[in-house]
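So the chains spell out like this:
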Amino acid sequence: MVFKGFIILLLSILISIFDSLTQTAQWEFPEDFKFGVATSAYQIEGGWDEDGKTTSVWDRITHQTPAFIADQSSGDVACDSYHQWERDVEMLKELGVQYYRFSLAWTRILSGAYTSTVNQAGVKYYNNLIDKLIENGIEPVVTLYHWDMPQKISTLGGLTNDAWVKFFSHYARTAFELFGDRVKIWITFNEPNIICHYFNSVLGSGQPAYPNGVIEYLCSYNLLKAHAEAYHIYNREFRHKQGGKIGITLNFEWAEPATDKPEDVEAAERRRQFDFGIFANPIINFDYPKVVIDRVAKRSELEDFPESRLQKFTFAEKLNVKGTYDFLGLNHYTTWLVSNGDEASLEQSSFYIDTKVSRVQDDSWNTTGAEDNRVVPWGLRKALNWIKSTYGNPDVLITECGYSDRIGNLDDNQRINFYRDYLNATLQAILEDGVNVKAFMAWSLMDNFEWNQGYLVKFGLYHVDFNDPKRVRTMKDSAKYYQKIIVTRRLD
Ligand code: NOJ
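Remember, it's a predicted structure, so these values are computed and weren't measured experimentally. Within each chain, residue numbers correspond to sequence positions counted from 1 in written order. Local features in this predicted model are restricted to residues whose pLDDT is 70 or higher, and side-chain atom pairs enter the listing and the counts only when it is 80 or higher, whereas totals over whole chains, interfaces and linings include all residues. By convention in this description, side-chain values take in all heavy atoms of the structure and omit both hydrogens and water.

Draft legend 1. Broad picture of the overall build of the chain. In DSSP terms, a helix is any run of H or I states spanning at least four residues, a strand is any run of E spanning at least two, and both are numbered starting from the N terminus. When you go through the chain residue by residue, the secondary structure sums to 18 helices and 15 strands. Rg of the C-alpha trace for the chain: 23 Å, near the compact-globule value of 23 Å for 492 residues, within the 12% margin. Taking the principal axes of its C-alpha atoms as reference, the chain extends roughly 90 × 55 × 50 Å. Only protein chains enter the area calculation, which uses a 1.4 Å probe; residues under 20% of their type maximum are buried, those over 50% are exposed, and those in between are partly exposed. Sorting the 492 residues of the chain into buried and exposed places 58% on the buried side. Note that the radius of gyration is over C-alpha atoms, with the globule rule given as 2.2 Å times the number of residues to the power 0.38.

What follows is the structure, given as structure tokens:
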């Protein structure tokens, strides 16, 4: 009897050890999951006019209107990656990442008044970088357009001129031809809604800042057509010999209803559709989301426009845009509480007014040291689940996620906590909710030029000394933490 009891006890101990071992094994990032870091050309490269590079809209605005940038700086030198790129690769190696997401500067690769001539020096720079990455077992993830539009093209109206589609197609084809033998993951655009809706005057239309509710939609319409064109070019001319993948990166701040009143629940969903669905729906499902179509039509009518300000697709265009993705890139930073807004004065029109929402962040959520980006990891999990249910669970690459501060301290525990919690939310989405998340790329490899915040806001895993001509880089504690996660593929 005693012996039987002993055997049962032993068996149950063995079973619980086995259980906990298998559970532990399961609470790991799946084998095919990739870790990476991200940067973009204008934010790190410098060398703004070296070796035949032409002027971009950021060269122009930082030189002509320094007050546009909080510290009146520019990306003229930035992290000097144009010269320090080998050090960048050393850092990537040190971190142990599988992916490095960076962008190509259109103005470095194509020169001439309207970007029709290949600039060999620029090509050489990217060839060197790409070759070195591959030599070190790091896969390049390349963004074609991360906001640095050639200035000349911007003077033609930028994305509000449909000639842009041709310019971009030529650039995309050139990039596939030059680098597609080694680059297997392409991203056409970074954050179209920032380009067209929130930062349109600089990034999208080349027009002075006057949101008028027309140019924003013209911009997104042409952007979607340019994206689709690049996808089809890749599909028709390159995929069979290069075998890569191509997608787009959309940013998505999760919109949580501020209350459970139906009008707030609706408002949160409307905001998601205006921010994310307006691009994802035409690409994955079909046409703009119905709520966007209806709302812009209604508001345009109230404003006495003869027809909706939303630039409509023809049926053929809808078909052409549909299905133009192999994966969805997601940039995610924070979450908002969204309520139904009042109808704004009919004197004005803008994309933002069309959304008819107001939003706040909860005071109890941890702030980041720099911006509105409060730390809300569950928002990432909800965003991923919403993408899964709204778009049939596509493959998602998290192409950016990160924490900003203004101090740039090396003992950045605040950033460690951020990554721990957002990576945990990612893991929950994968393992518990079955979302197809395939990668996580931290923003950013190093402190860099944070657009209109200049160098005041820092997102880096590595500190950069912007006073040193060599732009010396130093590992922060968060980099060591990320390094450890990449090795163990699990969170503590
Ligand atoms: C998204 C943008 O893609 C990137 O360029 C920027 O630096 C980060 N957000 C942080 O604001």
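Draft legend 2. Expanded view of the sheet that holds strand β7 (residues 245-251). A pair of strands is treated as paired once DSSP finds two or more bridges between them. Strand order in the closed barrel made by the eight strands is β1-β2-β5-β6-β7-β9-β12-β13, with parallel pairing throughout. Neighbour-to-neighbour, the strand axes of the sheet open up by a mean angle of 25°, direction not taken into account. As paired elements, strand β2 (residues 99-103) and strand β5 (residues 139-145) share five bridges and run parallel to each other. Each residue of the ladder has a partner; that of Y99, found in β5, is E139. Here a residue-residue contact requires only that any non-hydrogen atoms of the pair lie within 4.5 Å. For helices, the fitted axis covers only the stretch in contact; all axes are lines through C-alpha atoms, and the angles between them, taken along N-to-C directions, range from 0 to 180 degrees. Across the sheet, helix α8 (residues 163-179) touches β5, β6 (185-190) and β7, and the angle it forms with β5 is around 160°.

Draft legend 3. Local environment of the site of the ligand. The near set for a molecule or strand comprises every residue that places at least one heavy atom within 4 Å of it. Every residue close to the ligand is listed here: Q43, H146, W147, N190, E191, N331, Y333, E400, W443, E450, W451 and F459. Counting of polar contacts relies on pairs of N or O atoms within 3.5 Å, with two restrictions inside protein: one atom must be capable of donating a hydrogen and the other of accepting it, and residues adjacent in sequence are counted only when both atoms are side-chain atoms. In this structure, N190 approaches the ligand through a side-chain N or O atom, which is 2.7 Å from an oxygen atom. Residue exposure ignores everything except the shown protein chains as possible cover, and the areas themselves are Shrake-Rupley values with a 1.4 Å probe. In isolation the ligand offers 290 Å² of accessible surface; the protein chains occlude 92% of this area. Polarity classes work like this: nonpolar for Ala, Val, Leu, Ile, Met, Phe, Trp, Tyr, Cys and Pro, charged for Asp, Glu, Lys and Arg, and polar for all others, with Gly in that last group. Its residues assigned to classes, the shell around the ligand comprises five nonpolar, four polar and three charged.

Draft legend 4. Summary view of the environment of G213. You can see G213 is positioned in the loop between α10 (200-204) and α11 (215-242). On the basis of relative accessible area, G213 is assigned to the buried category, the value being 0%. Beyond its immediate chain neighbours, meaning those up to four positions away, G213 contacts R309, S349, S350 and F351.

Draft legend 5. Quick look at unusual backbone geometry. Cis rather than trans, the peptide bond between W443 and S444 has omega equal to 15°. Take S444: it is sitting in the loop between β13 (437-443) and β14 (462-464). The backbone of W451 sits at a positive phi, close to 45°, despite the residue not being glycine. With respect to the helices, strands and loops of the structure, W451 is situated in the loop between β13 and β14. Residues other than glycine seldom take positive phi values, yet R471 does so here, at roughly 50°. Summarising the element assignment, R471 is placed in the loop between β14 and β15 (473-475). On the basis of relative accessible area, R471 is assigned to the buried category, the value being 12%.

Draft legend 6. Structural context of a nonpolar patch on the surface. Together, F286, F315 and L319 line one region of the surface with nonpolar side chains, adding up to about 310 Å² of accessible area. By secondary structure assignment, the location of F315 is in helix α14 (residues 315-321). Each patch is built from residues that are more than 30% exposed by relative accessible area and take part in no salt bridge. Like charges join if they lie within 9 Å; nonpolar side chains (Val, Leu, Ile, Met, Phe, Trp, Tyr) join within 5 Å. Salt bridges are identified by distance alone: a Lys or Arg side-chain nitrogen within 4 Å of an Asp or Glu carboxyl oxygen.

Draft legend 7. Broad picture of the packing of helix α12 (residues 262-284) against helix α13 (residues 290-302). Between α12 and α13, the shortest axis-to-axis distance is 9 Å and the interhelical angle comes to 110°. Classed by the angle they form, the pair α12 and α13 counts as roughly perpendicular. Taken together, the residues of α13 that come into contact with α12 (itself represented by R270, Q273, F274 and I278) are V291, V292, R295 and V296. Across the contact of α12 with α13, the residue classes break down as five nonpolar, one polar and two charged. Here the word oblique covers every angle except those under 35 degrees (roughly parallel), over 145 (roughly antiparallel) and from 65 to 115 (roughly perpendicular).

Draft legend 8. Fine view of the packing of α11 against α12. Contact pair α11 / α12: the axes reach a minimum separation of 11 Å and the direction vectors enclose 35°. The handedness of the crossing between α11 and α12 is right-handed. Here Y217, S220, L223, L224 and H227 of α11 lie close against α12, whose contacting residues are F274, I278, F279, P282 and I283. Classifying every residue of the contact of α11 with α12 gives eight nonpolar, two polar and no charged. Note on convention: near helix rotated counterclockwise from far helix by under a right angle means a left-handed crossing. Clockwise means right-handed.

Draft legend 9. Seen up close, the pattern of salt bridges. By the definition in use, this model includes 31 salt bridges. Note that K225 is salt-bridged to E317, the shortest N-O span being 3.7 Å. Placement of K225 in helix α11 and of E317 in helix α14 is noted, with a sequence separation of 92 residues between them. Note on accessibility: K225 and E317 belong to one class, buried. Linking D275 and R271 is a salt bridge whose minimum nitrogen-to-oxygen distance equals 3.0 Å.

Draft legend 10. Structural detail: the environment of L431. Tracing the chain through its elements places L431 in helix α17 (residues 413-431). Separated by 41 residues in the primary sequence, L431 and V472 have C-alpha atoms spaced 39 Å apart.

Draft legend 11. Geometry of the side chain of T335. Position of T335 among the secondary structure elements: in strand β10 (residues 335-340). Those residues in contact with T335, other than ones at most four positions away along the chain, are W254, E256, Q361, W365, V376, W378 and G379.

Draft legend 12. Examining the state of the cysteines more closely. Our working definition of a disulfide is a cysteine sulfur pair at a distance within 2.5 Å. One pass over the full model with this rule turns up one disulfide. Bridging C196 to C219, the disulfide has an S-S length of 2.1 Å. Where C196 bonds to C219 through sulfur, the torsion about that S-S bond is close to -70°, and the disulfide is left-handed. In this pair, C196 sits in helix α9 (residues 192-198) while C219 sits in helix α11, placing the two residues 23 residues apart along the sequence.

Draft legend 13. A look at the sheet that holds strand β11 (residues 357-360). Taken in spatial order, the three strands make up an open sheet running β8-β10-β11, and their pairing is mixed. Only two strands of the sheet have a single partner each, and these edge strands are β8 (254-257) and β11. Neighbour to neighbour, the strand axes of the sheet diverge by 40° on average, direction disregarded. Alignment of β8 against β10, held across four bridges, turns out to be parallel. Note on β10: the bridge partner recorded for E256 is L337. The strands that α12 touches are β8, β10 and β11; relative to β10, the one it contacts most, it runs at about 125°. Sitting on the sheet, helix α16 (residues 377-391) is in contact with β8 and β10, with an inclination near 95° to β8.

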